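Structure at a glance
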Amino acid sequence: MSYHIVPFTKALSRSDFDCGKAPLNDWLQQQAGQQERRGNTRTFLAHEDGRALVVGYYASSATALTENDQSIEIGLRPGKYPRPAIRIVRLAVDKKHQGLGLGEMLVVHALSSVVQVAEKVGIEFVIVDALDLDAAAFYGRLGFSRLEDSPLRLVITVKEVPRLAW
Ligand SMILES: CC(C)(COP(=O)(O)OP(=O)(O)OC[C@H]1O[C@@H](n2cnc3c(N)ncnc32)[C@H](O)[C@@H]1OP(=O)(O)O)[C@@H](O)C(=O)NCCC(=O)NCCS
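Residues numbered from 1 in each chain as written. Predicted model: local features only at pLDDT ≥ 70, side-chain atom pairs only at ≥ 80, totals over all residues. Heavy atoms only, no water.

Some details on the nonpolar core
Ile 88, Leu 106, Val 126, Tyr 139 and Phe 144 are the most contacted members of the largest nonpolar core, which totals 27 residues. Sorting the residues of this core by element identifies strand E1 (3–7), strand E4 (83–93), helix H2 (102–117), strand E5 (125–129), helix H3 (133–141) and strand E7 (150–157) as the ones contributing at least two each. With six residues, the top contributor of residues to this core is H2. Sequence-distant contacts of Tyr 139, that is, excluding residues within four places in its chain, are made with Ile 88, Leu 91, Val 107, Val 128, Ala 130, Phe 144 and Leu 154. Within the second largest apolar cluster, 14 residues are counted, among which are Leu 12, Cys 19, Leu 24 and Ala 32. (Core = buried A, V, L, I, M, F, W, Y, C linked by side-chain atoms within 4.5 Å. Buried < 20%, exposed > 50% of the residue type's maximum accessible area, 1.4 Å probe, protein only. Helix = DSSP H or I, 4+ residues; strand = E, 2+ residues; numbered from the N terminus. Contact = heavy atoms within 4.5 Å.)

Below you can see the structure in the form of structure tokens.
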């Protein structure tokens with residue numbers, strides 16, 4: 001199956017999207033357009049070659065890590081905050097397309113975009129708040145590390161991204 005990832009567009013239908021998690025379906029169908037217009041998040045949509053249905057998406061926005069986000073492992077120590085970051089605020093794949101590599105493709109797309117932006121604007125980390133331990137395990141396999149005391153909050157350093165081989 002061949003997928004394309006494109007910037008948010010109303011030309012792709014979102015109404016039948018179902019990833020199995022209602023809040024993620026609702027956000028795509030009811031909030032993504034509004035947040036896009038405000039510039040609050042940027043959403044990218046995945047669709048199959050020649051089909052105008054959304055089968056996956058992610059959204060991201062700028063953020064900063066705080067004193068609560070600590071990890072000796074990746075150099076997040078007390079006293080050196082705030083630290084500029086990009087947050088993947090939503091990520092989901094339609095149930096019919098899960099397990100085919102599309103989730104990984106969306107994360108790689110997000111991280112590649114961050115690396116490009118980080119050449120012009122300071123960004124040290126990419127952060128994600130996983131919905132549950134399953135989702136945290138998914139991000140862990142892709143190279144994200146759990147923060148101390150926050151099993152669902154994971155980060156990766158931007159400088160580490162080009163060294164990852166997916
Ligand atoms: C989590 C989700 C985005 C993964 O997308 P996907 O397309 O099914 O995942 P992929 O096929 O790209 O899998 C990539 C790798 O992660 C692994 N993986 C996928 N889902 C996983 C999970 N829930 N737990 C652990 N590992 C997982 C796969 O086995 C694969 O590893 P491999 O290459 O070694 O075989 C998708 O299942 C989903 O949308 N779930 C519902 C919504 C959700 O939980 N979103 C996360 C919000 S934080």
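Now that the structure has been shown, we can carry on.
Observations concerning helix H1 (residues 22–38)
For H1, built from 17 residues, the straight-helix expectation of 24 Å at 1.5 Å per residue is met to within 8% by its first-to-last C-alpha distance of 23 Å. By the largest-angle criterion, Gln 31 marks the main kink of H1, which is about 55°. The complete set of buried residues in H1 reads Leu 24, Asn 25, Trp 27, Leu 28, Ala 32, Gly 33, Gln 35 and Glu 36. On the buried face of H1, the contacting elements are strand E2 (42–48), strand E3 (56–65) and E4. (Expected span 1.5 Å × (residues − 1). Bend = angle between axes of the 7 residues up to and from the residue.)

Brief notes about the site of the ligand
Among the 22 residues in the neighbourhood of the ligand, the closest are listed as Val 93, Gly 101, Gly 103, Glu 104 and Arg 141. The contact in question runs from a nitrogen atom of the ligand to an N or O atom on the backbone of Leu 91, over 3.0 Å. Protein contact buries 73% of the 900 Å² of open area that the ligand shows by itself. At six residues, H3 tops the list of elements feeding residues into the shell around the ligand. A per-class count over the shell around the ligand returns 13 nonpolar, four polar and five charged. (Near = heavy atom within 4 Å. Polar contact = N/O pair within 3.5 Å; in protein donor to acceptor, adjacent residues only side chain to side chain. Areas by Shrake-Rupley, 256 points an atom, 1.4 Å probe, with all protein chains shown as cover. Nonpolar A, V, L, I, M, F, W, Y, C, P; charged D, E, K, R; others polar.)

Focus on H2
When the terminal C-alpha atoms of H2 are compared, their 23 Å separation across 16 residues agrees well with the 22 Å that a helix rising 1.5 Å per residue should span. Every buried residue of H2 is accounted for by Leu 102, Gly 103, Leu 106, Val 107, Ala 110, Leu 111 and Val 114.

A short note on the sheet that holds E3
Sheet architecture is open: seven strands sit in the order E1-E2-E3-E4-E5-E7-E6, paired in mixed fashion. At either margin of the open sheet sits one strand with a lone partner, and together these are E1 and strand E6 (145–147). On average, each strand axis in the sheet is inclined to that of its neighbour by 30°, with strand direction left out of account. As paired strands, E5 and E7 are joined by five bridges and run antiparallel to one another. Bridge assignment links Ile 127 to a residue of E7, and that residue is Val 155. On the sheet, H1 packs against E2, E3 and E4 and is oriented at approximately 125° with respect to E2. The sheet strands contacting H2 are E1, E2, E3, E4, E5 and E7, and the helix crosses E4 at an angle near 155°. (Pairing = 2+ DSSP bridges. Axes fitted to C-alpha atoms, helices over the stretch in contact; angles between N-to-C directions.)

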